[in-house]
Amino acid sequence: MEALWTYFLPHYQFVLKELKNKTYGKLLKMEADFGFHRDFDTSSRLFNKSLGGGSLLDIGIYPIFAALSTLGLPKDMQADATFFENGADSTCSMTFTYPNGETAKLKSTLLEPTPTEAVFYCEHATIKINTMFHMPTTVTVIANGEEKTLDFGYKTIGYNYEAIHFNELIRAGKTESDVMTFEFSEKLINALDTVRKLIKLEY
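Keep in mind it's a predicted model, so treat the numbers as computed, not measured. (Residues numbered from 1 in each chain as written. Predicted model: local features only at pLDDT ≥ 70, side-chain atom pairs only at ≥ 80, totals over all residues. Heavy atoms only, no water.)

### Here's the deal with the packing of aromatic side chains
Reasoning step 1: Considering all chains together, one arrives at 14 aromatic pairs under this definition.
Reasoning step 2: Seen from their ring centres, Phe40 and Phe47 are 5.3 Å apart, and the 75 degrees between their planes marks the pair as edge-to-face.
Reasoning step 3: Its relative accessible area of 29% is what places Phe40 among the partly exposed residues.
Reasoning step 4: When the ring of Phe40 is compared with that of Phe84, the centres are 5.0 Å apart and the planes differ by 20 degrees; the resulting orientation is stacked. In this pair, Phe40 sits in the loop between β1 (27–35) and α2 (55–71) while Phe84 sits in the loop between β2 (76–83) and β3 (89–97), placing the two residues 44 residues apart along the sequence.
Reasoning step 5: One aromatic cluster in this structure is built from Tyr7, Phe8, Tyr12, Phe65 and Phe184.
Reasoning step 6: For the cation-ring pair, Lys29 lies above Tyr121, with the distance from its terminal atom to the ring centre recorded as 4.9 Å. (Phe/Tyr/Trp six-rings, centres within 6.5 Å; stacked < 30°, edge-to-face > 60°. Buried < 20%, exposed > 50% of the residue type's maximum accessible area, 1.4 Å probe, protein only. Helix = DSSP H or I, 4+ residues; strand = E, 2+ residues; numbered from the N terminus. Lys NZ or Arg CZ within 6 Å of the ring centre and 35° of its normal.)

### Details of the nonpolar core
A general trend in soluble globular proteins is that nonpolar side chains are found buried together.
Reasoning step 1: Counting residues in each nonpolar core, the largest one holds 51 residues, and the members touching the most others are Ile64 and Phe96.
Reasoning step 2: Counting residues per element, this core draws most heavily on α2, which supplies 10 residues.
Reasoning step 3: Beyond its immediate chain neighbours, meaning those up to four positions away, Ile64 contacts Leu56, Met94, Phe96, Leu106, Leu188, Ala191, Leu192 and Val195. (Core = buried A, V, L, I, M, F, W, Y, C linked by side-chain atoms within 4.5 Å. Contact = heavy atoms within 4.5 Å.)

### What to know about the sheet that holds strand β4 (residues 103–109)
Reasoning step 1: Judged by pairing direction, the sheet is mixed, and its eight strands sit side by side in the order β2-β3-β4-β1-β5-β6-β7-β8 without closing on themselves. Each of the sheet's edge strands pairs with one partner strand only, and the pair in question is β2 and β8 (146–150). Adjacent strand axes in the sheet meet at a mean angle of 10 degrees, parallel and antiparallel pairs treated alike.
Reasoning step 2: As paired elements, β1 and β4 share seven bridges and run parallel to each other. By the bridge assignment, Ala32 is partnered in β4 with Leu106.
Reasoning step 3: Of the strands in this sheet, β1, β5 (118–122), β6 (126–129), β7 (139–143) and β8 touch helix α1 (residues 10–20), which is tilted by about 165 degrees from β6. (Pairing = 2+ DSSP bridges. Axes fitted to C-alpha atoms, helices over the stretch in contact; angles between N-to-C directions.)

### Quick notes on the pairing of β1
Reasoning step 1: Two strands pair when backbone bridges link them, and β1 and β5 are joined in this way by five bridges, in the antiparallel orientation. Each bridged residue has a counterpart across the sheet, and for Lys29 the counterpart in β5 is Tyr121.

### As for the side chain of His165
Reasoning step 1: Residue position: His165 is located in helix α3 (residues 160–171).
Reasoning step 2: The residues touching His165, leaving out its near neighbours within four places in the chain, are Met1, Phe8, Ser177, Asp178 and Val179.

### Side note on the pattern of salt bridges
For side chains of opposite charge, pairing can occur when their charged atoms come near one another.
Reasoning step 1: Taken as a whole and assessed by the stated rule, the structure comprises six salt bridges.
Reasoning step 2: As a salt-bridge pair, Lys26 and Glu102 come within 3.9 Å of each other at their nearest N and O atoms. Taken together, the residues Lys26 in the loop between α1 and β1 and Glu102 in the loop between β3 and β4 connect sequence positions 76 residues apart.
Reasoning step 3: Notably, a salt bridge pairs Glu117 with Lys128, separated by 3.9 Å at the nearest N-O pair. Placement of Glu117 in the loop between β4 and β5 and of Lys128 in strand β6 is noted, with a sequence separation of 11 residues between them.
Reasoning step 4: Take Lys128: its relative accessible area is 23%, and that puts it in the partly exposed class. (Salt bridge = Lys/Arg side-chain N within 4 Å of Asp/Glu carboxyl O.)

### A short note on the layout of surface pockets
Reasoning step 1: Considered as a void within the structure, the largest pocket measures approximately 270 Å³ in volume.
Reasoning step 2: Lining the largest pocket are Leu16, Leu19, Lys20, Lys22, Lys26, Leu27, Ser69, Thr70, Leu71, Gly72 and Glu102.
Reasoning step 3: Looking at the lining of the largest pocket, its residues break down into four nonpolar, three polar and four charged. (1 Å grid on protein atoms, 1.4 Å probe; cavity = no way out; pocket = protein on both sides within 12 Å on 5 of 7 lines; lining within 4 Å. Points joined across faces, edges and corners; volume = space filled by probe spheres on them. Nonpolar A, V, L, I, M, F, W, Y, C, P; charged D, E, K, R; others polar.)

Here it is, written out as structure tokens:
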């Protein structure tokens, strides 16, 4: 099982359920970003292309994950990037377009801090996973001019949820997760590979 911890966090599962049940109507578009600043350092893994360094593979996976887990695979993908002097990508901006007109605007960057939120615009409300959306955080629902923030009472850094799920799989004798399936992992890496090709990033 791919250990993408965000998928197992209660706040993220809550948002997925709300979107699947269309609690606030159809999902029309979403936006997600992940960014922070680090001084360029060729000795750091973060900037080392031979170790998968750069914004896309290190943190861009999270906004892409947010799009795929809520809207699925797009019919069209566009991407632009900027690069460090060694060829590792410093920023990647992506737009995914879906068959029924939905869109996902995604961004990863190592040049500046960003809100690092995931925002889902539905017909009757906006659901916002607040800053550091990929780890334990809160969710704000904005509807009819009112905001309601949900606190999920996290007591840990969050990795325990994926560990508990994995242990349950072992005890049940299962060989595949029903949350992080092999098919989803394949879609995720294929999406990352497509973006790499679009921005002409080679390792």
